[in-house]
Amino acid sequence: MVHQLLMPQQEIRTDRLLLTPVTPADIDAVHELFADARTWTHLPAGRHTTRATTEDLVQRKIGGRVRHGLGSWVARTVGCGTFVGLGGVDMTAGGVWNLGYRLVPEHHGHGYATELARAALVAAHDLRPDVPVTARVMSNNPTSARVLARVGMVQVWQGPARTTAPQSAECQAWSDRDLTPAQLDWLVANA
């Protein structure tokens, strides 16, 4: 396990959210979120069916933050501290940031995803302005695609998903800038 004292906390406040690096103390809340079938309607195969899967996810996100200086946050409301979800940017093996988020269904439709995505883009640009921020979303999830467009990203590819996807759904790759051929190839290969 990576010790949290090795890293600055990188707490970020937006207008309505407090974003703090995910820690082992967050595993129960993250597992409840990732095990909830309502958060996986666009990609049911991604749902966590065991706590061990969530523990592995949290540890990988902590390790990524240690290696790359930035990673995913737990999002809570400012003031009352209600758990809203998990999101941020994580460095990929393709040398690009991957923007992602998953929110508790009761918090969908309130603009939290856009607020979190904007904060993640700013943090990524501040830390490594030379590294593109990308995102992958299923074509059957137009709400997430609208969030990406709202924060200034553009769709750079759409095609067959390499993971188990719902029938007729394709994967879309989005980016905040032009990608090198190698970066785009990596995104397509890992769609």
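Described below are features of the structure shown in this document. The residue numbering used here restarts from 1 in each chain and proceeds along that chain's sequence as written. Predicted model: local features are reported for residues with pLDDT of at least 70 only, side-chain atom pairs are reported and counted for 80 or more only, and whole-chain, interface and lining totals are derived from all residues. Side-chain measures here rest on the full set of heavy atoms in the structure, leaving out hydrogens and waters.

## What to know about the nonpolar core
Here is a general trend for soluble globular proteins: nonpolar side chains tend to be buried in one another's company. The criterion is simple. A nonpolar core is a set of buried Ala, Val, Leu, Ile, Met, Phe, Trp, Tyr and Cys residues joined through side-chain atoms within 4.5 Å. Categorising residues by exposure relies on relative accessible area from a 1.4 Å probe, with only protein chains included: less than 20% of the type maximum marks a residue as buried, more than 50% marks it as exposed, and the intermediate range marks it as partly exposed. Core analysis: the largest hydrophobic core is formed by 31 residues, its most contacted members being Val89, Trp97, Leu99, Val133 and Met153. Of all elements in the fold, only strand 2 (17–21), strand 3 (72–77), strand 4 (83–91), strand 5 (97–103), helix 3 (112–127), strand 6 (133–138) and helix 4 (142–150) reach the threshold of two or more residues within this core. Counting residues per element, this core draws most heavily on helix 3, at nine residues. The contact criterion used throughout is that any non-hydrogen atoms of two residues lie within 4.5 Å. Not counting chain neighbours up to four residues away, the residues in contact with Met153 comprise Leu99, Val133, Thr134, Ala135, Leu148, Trp174, Ser175 and Asp176. The way it works is that DSSP assigns letters per residue, a run of H or I at least four long becomes a helix, a run of E at least two long becomes a strand, and they are numbered from the N terminus.

## Some remarks on the side chain of Asp176
Looking at where Asp176 falls in the secondary structure, it is placed in the loop between strand 8 (171–175) and helix 5 (181–189). Polar contact is defined as a pair of N or O atoms within 3.5 Å, subject to the rule that within protein one atom must be able to donate a hydrogen and the other to accept it, and that residues adjacent in sequence are counted only when both atoms are side-chain atoms. One polar contact links Asp176 to His125, side chain to side chain, over a distance of 2.5 Å. In this structure, Asp176 is in contact with Leu121, His125, Pro132, Val133 and Met153, ignoring residues within four places of it in sequence.

## Side note on helix 5
All of the buried residues along helix 5 are Gln183, Leu187 and Val188. Looking straight down helix 5, one finds that the buried residues subtend no more than 135° of arc, so they occupy a single side. With respect to the buried face of helix 5, the exposed residues turned more than 90 degrees away are Pro181, Ala182 and Asp185. In this structure, the buried side of helix 5 is in contact with strand 6, strand 7 (154–159) and strand 8. What the arc covers is the set of directions going from the helix axis to the C-beta atoms.

## Observations concerning the packing of aromatic side chains
Aromatic ring pairs are defined here through the distance separating the ring centres and the angle between the ring planes. The criterion for an aromatic pair is that two Phe, Tyr or Trp rings (for Trp, the six-membered ring) have centres within 6.5 Å, with stacked assigned to planes under 30 degrees apart, edge-to-face to planes over 60 apart and tilted to the rest. Using the criterion set out here, one finds one aromatic pair in the structure. Geometrically, a lysine NZ or arginine CZ counts as sitting over a ring once it is within 6 Å of the ring centre and also within 35 degrees of the ring normal. Across the ring face of Phe34, the terminal group of Arg102 is positioned such that the distance to the ring centre comes to 5.5 Å. In this structure, Arg102 packs its charged tip against the face of Trp40, placed 3.5 Å from the ring centre.

## Some thoughts on the pattern of salt bridges
Think of a salt bridge as a Lys or Arg side-chain nitrogen and an Asp or Glu carboxyl oxygen that are within 4 Å of each other. The full count for this structure, using the stated rule, is ten salt bridges. In this structure, Glu55 engages Arg51 in a salt bridge whose closest nitrogen and oxygen atoms are separated by 2.3 Å. Taken as a pair, Glu55 and Arg51 lie in helix 2 (residues 51–68) at a separation of four residues, close to a single helical turn. Exposure remark for Glu55: the relative accessible area of 30% places this residue in the partly exposed category. Among the ionic pairs, Asp176 bridges to Arg177, the shortest N-O distance being 3.1 Å.

## Remarks on the pairing of strand 5
Along any regular strand, the residues point their side chains to alternate faces of the sheet. Of all seven residues that make up strand 5, six are buried, and the element is covered over most of its length. If DSSP finds at least two bridges between two strands, the strands pair. With seven bridges connecting them, strand 4 and strand 5 associate as antiparallel partners. Along strand 5, the bridge assignment pairs Val89 with Leu99. Between strand 4 and strand 5, which pair antiparallel and follow one another directly, the connecting turn spans five residues, one of which, Gly95, has a positive phi of 75°. As judged from the two bridges shared by strand 5 and strand 6, these two strands associate in the parallel manner. Residue pairing for strand 6: Trp97 is matched across the bridge by Val133. Seen with its strands pointing away from the viewer, a crossover is right-handed when the path leading from the first strand over the helix to the second is clockwise. In this view, the connection linking strand 5 to its parallel neighbour strand 6 by way of helix 3 has right-handed handedness.

All we've got here are geometric facts, nothing functional implied.
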